Amino acid sequence: MTTKSPLANLLSGVLGGLIVLVVGAVLIATNVIDTGDTKTVVRETPTTQPTATSTGTAGRSVRDIYKQEGRGVVFIQSQGVSTESGSPFGAPQQGTATGSGFVVDNDGTIVTNAHVVEGADSVQVRFAENGEFIDADVKGVDVDTDIAVLKIDPSKVSGGLTPIPLGDSSKAQVGDPVIAIGNPFGYSRTVTTGIVSGLQREIQAPNGFTIPDVIQTDASINPGNSGGPLLDANGRVIGINSQIATGGGQGSVGIGFSVPINTAKKLLPDLKAGETVEHAYLGVQMQDVTNQLAEDLNLASDKGALVVEVTKGSPADKAGIRGGRTETGTGVPAGGDLIVAVDGKPVRDSSEVAAAISQKRPGDEAKITYYRGDSKKTVTVELAKRPNSAPDSPSQGGNGLP
C-alpha cells in the first residue's frame, strides 16, 4: 500500500498549473499519493460503447482511443522548475515538477505546457509507466499561451513513436464528448471522459496576460495533467489541458480549461525552430458589458468591451483610447470607451477583442471602433510587441489585457 505524502495547500481558486511539484521526494499537491505506485487508472463510461460526435455520428470508443492515442502521451519530469511569488501557478518552490505532454510527429516533437518546463535545468520524458526516462530538449517556450515544445531522439523510444493527430478546435461545440489523458498525481496515462462545457473562456497565462478562446470541460483533470491532450470523439487533439477551477476547495470540481489546439498549431513552426514568439499588444484592461451594466452606466450598446484602464504609453494610449475615470457604485469606473468592433467585425465582449488582437503581429494595424458616450468613432492603432509581463490590473477588476 502506498503512503500519503504531506498535504500542501497550494491549490485554491484557479489552479494555474496542473503540474505536480516535488521538493526532494515529496509531491507538493493536495491529497497526493507517493509516485512509487504508478498504476494506470482508466475511467470509461462505458469502454465498449462508441462516443458520439457533435453531428450525431458514432465516434470511436474510449477504450480504442486510449489504446491507440494513449501511446503518444508522455510523463514529463522537469528538474529545477520554480514558480514566482504572486503567480496563480503556485507558491515559490524549487524542485522536480511532473506533468504531461503528447507526441505530434515522427521526428520526436512533443507539446506540453510552458509552466511544466519553463526555467528547468533538465527535462526528461517517459512513455511506459516503468520505462526508462529519455532526455528532452526544450526547443521553444511561449508563456503568453502557456505552450512549450520539446524534442527527443526517436531512436531511443522502444517500439517507435505514436503521434497523436491534431484536430480543429474551432469546430468544437458545447456538449461534444471529450477525453483527457495525462498523469494526475503521478498516475501514468490516466484517462477520464466528459464533454465540452463551454467555449471562448479566458484564463491567465503565467505572465499575467489572458489566453483567449479557451475550451472548458468537465472531464476530470488534476495536478499532473498539465500539458496533456484533450481529445475529441475521434481521438484528435482539440486542446492542451492547463488549468482547473476549484471553487475555493483543493481539487477538481469538474471545471477544467484547455488551451485550444489551433493556437498551438499556429505557433508550432516557430517553437520547433527555437524562435521567440512575439505577440501583438493593444494595452487595455476591459470589462464585459451586461444589460445591467449598460443601463447603470448609460452605455450606447449592451454589447462590447468597456475599457476600464489604458496602459500609459501603449498603442491604445497613443491612439487616444480612454479608460474609465469616474467611480460608480457598480465597481466599474464610468467614462471609458466602449469597443464594439475590431477591423469592422463586431465584438460582443472582451474575449472577442483579445482573440482579434491575438491573430495579429507586432507592427500590424487594427481598426478599433468604439463609443465615447453616444459618439461612435474608429481609430487605427499600430500594435506593439507585448511586454514580458502584464501590467498590474486595476483595482476595479476587468478582463483581458491584449
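Just above, that's the structure.
Residues numbered from 1 in each chain as written. Predicted model: local features only at pLDDT ≥ 70, side-chain atom pairs only at ≥ 80, totals over all residues. Heavy atoms only, no water.

### Some words on the nonpolar core
Consideration 1: F102, V111, I147, I179, I181, L231 and I240 are the most contacted members of the largest nonpolar core, which totals 29 residues.
Consideration 2: Looking at this core, the elements with two or more residues in it are α1 (62-68), β11 (147-151), β12 (177-182), β13 (190-204), β14 (210-217), β16 (237-245), β17 (256-260) and α3 (261-272).
Consideration 3: No other element matches α3, which puts 5 residues into this core.
Consideration 4: L282, M286, A316 and Y370 belong to the second largest nonpolar core, which has 20 residues in total. (Core = buried A, V, L, I, M, F, W, Y, C linked by side-chain atoms within 4.5 Å. Buried < 20%, exposed > 50% of the residue type's maximum accessible area, 1.4 Å probe, protein only. Helix = DSSP H or I, 4+ residues; strand = E, 2+ residues; numbered from the N terminus.)

### Digging into the pairing of β16
Consideration 1: Burial of β16 is extensive: 9 of the 9 residues sit out of reach of the surface.
Consideration 2: Note: strand β15 (residues 229-231) against β16, 3 bridges, orientation antiparallel. In the strand pairing of β16, L230 is matched with G239.
Consideration 3: Connecting the antiparallel pair β15 and β16 is a turn made up of 5 residues, with G235 showing a positive phi of about 80 degrees. (Pairing = 2+ DSSP bridges.)

### Notes on the environment of R361
Consideration 1: Here R361 is to be found in the loop between α6 (350-358) and β23 (365-372).
Consideration 2: It is 5.7 Å that separates the C-alpha atoms of R361 and H279, two residues lying 82 residues apart in sequence.
Consideration 3: Filtering out sequence-adjacent residues up to four positions away, R361 remains in contact with D270, E278, A280 and L383. (Contact = heavy atoms within 4.5 Å.)

### Quick word on the environment of R372
Consideration 1: By the element assignment, R372 lies in strand β23.
Consideration 2: C-alpha separation for the pair R372 and L338, spaced 34 residues apart in sequence, amounts to 6.6 Å.
Consideration 3: Filtering out sequence-adjacent residues up to four positions away, R372 remains in contact with G320, I321, R322, D337 and K377.

### As for the pattern of salt bridges
Consideration 1: This model, assessed by the stated rule, comprises 11 salt bridges.
Consideration 2: For D337, the salt bridge goes to R372, with nearest N and O atoms at 2.8 Å. Placement of D337 in the loop between α5 (315-318) and β21 (338-342) and of R372 in strand β23 is noted, with a sequence separation of 35 residues between them.
Consideration 3: The class of D337 is buried, set by a relative accessible area of 0%.
Consideration 4: By relative accessible area, which is 21% here, R372 ends up partly exposed.
Consideration 5: Via salt bridges that share partners, R60, D64 and E69 belong to a single interconnected network. (Salt bridge = Lys/Arg side-chain N within 4 Å of Asp/Glu carboxyl O.)

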